[in-house]
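Residue strings, one per chain:
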Amino acid sequence: MPTEKIELRRSLRARRNELTPDDQRLAAARLASNLVGTRLFLTSRRVACYLPNDGEIDTGPVIEHIRRLRKILYLPVLSRLSHDRLWFAEAKPKTKLVPNRFGIPEPAVKSRDLVRAQELDLILMPLVGFDDKGNRLGMGGGFYDRSLEFLRHRNHWRKPHLLGIAYDFQRVNGLTADPWDVPLQGVITDQTVYLY
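A brief structural summary.

About the cut-offs
Residues numbered from 1 in each chain as written. Predicted model: local features only at pLDDT ≥ 70, side-chain atom pairs only at ≥ 80, totals over all residues. Heavy atoms only, no water. Axes fitted to C-alpha atoms, helices over the stretch in contact; angles between N-to-C directions. Helix = DSSP H or I, 4+ residues; strand = E, 2+ residues; numbered from the N terminus. Left-handed = near helix turned anticlockwise from the far one by under 90°. Contact = heavy atoms within 4.5 Å. Core = buried A, V, L, I, M, F, W, Y, C linked by side-chain atoms within 4.5 Å. Buried < 20%, exposed > 50% of the residue type's maximum accessible area, 1.4 Å probe, protein only. Phe/Tyr/Trp six-rings, centres within 6.5 Å; stacked < 30°, edge-to-face > 60°.

### Remarks on the packing of helix α2 (residues 21-36) against helix α4 (residues 60-68)
Argument step 1. The contact between α2 and α4 brings their axes to 8 Å, and the two run at 35°. Relative to α4, the crossing made by α2 is right-handed. Of α4, the residues touching α2 (which contributes Ala28, Ala29, Leu31, Ala32, Leu35 and Val36) are Pro61, Val62 and His65.

So this is what it looks like as structure tokens:
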């Protein structure tokens, strides 16, 4: 992995973790407000989100909007067979969550209740950094890229639509895209909406 990506990932993660709880709450509320006004969010019924980890922006207000608008919320679940991919499980308010091997809570559901990304309308994705071309710097595991690889082979974008969610300071200049990267259609931040 190129040294500049490793260093960029380290500095952006450190900056996320330096935010005060008040700053985190305010940013999360602003991001949710920015998201709910977007056409992609309003027209999507089956929406995947994630539970924050390692200083990621709090998705609680976003999840509240998903439920209040009677959309169906899904959360990512690490594949039990090929440990490098994600499936998605419906997450109701009383769904039991258990930590995965990275310590991130995920729905405790039977395999038959998991759905593939293709069955979703919108996936709200975590990221460490992003640029103005829709390139996303993740944590480096490649889980989302491998799980969404089918989108790179489509001539016309169908579903799921992909939006990153992040703090605005996570925007960087010119990320180098790797051949396996799946670009975002936009990023919603605590400051604005970037659509590509």
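From this point, the discussion proceeds with the structure in view.
### Points about the nonpolar core
Argument step 1. Phe88, Ile123, Leu124 and Leu148 are the most contacted members of the largest nonpolar core, which has 49 residues in total.
Argument step 2. Here this core gets 6 residues from one element, more than from any other, and that element is α2.
Argument step 3. Those residues in contact with Ile123, other than ones at most four positions away along the chain, are Ala48, Phe88, Ala117, Tyr144, Leu148, Pro160, His161, Leu162 and Leu163.
Argument step 4. Membership of the second largest hydrophobic core comes to 5 residues, among which are Leu12, Leu137, Val172 and Leu175.

### Digging into the packing of aromatic side chains
Argument step 1. The tally for this structure, following the rule as stated, stands at 3 aromatic pairs.
Argument step 2. Taken together, a centroid distance of 5.6 Å and an interplanar angle of 55° make the contact between Phe130 and Tyr194 tilted. Linking Phe130 in strand β8 (residues 129-130) with Tyr194 in strand β12 (residues 193-195), this pair joins segments that are 64 residues apart in sequence.
Argument step 3. For Tyr194, a relative accessible area of 15% translates into the label buried.
Argument step 4. Aromatic pair Tyr167 and Phe169: ring centres 5.2 Å apart, planes at 5°, arrangement stacked.
Argument step 5. The class for Tyr167 is buried, based on a relative accessible area of 2%.

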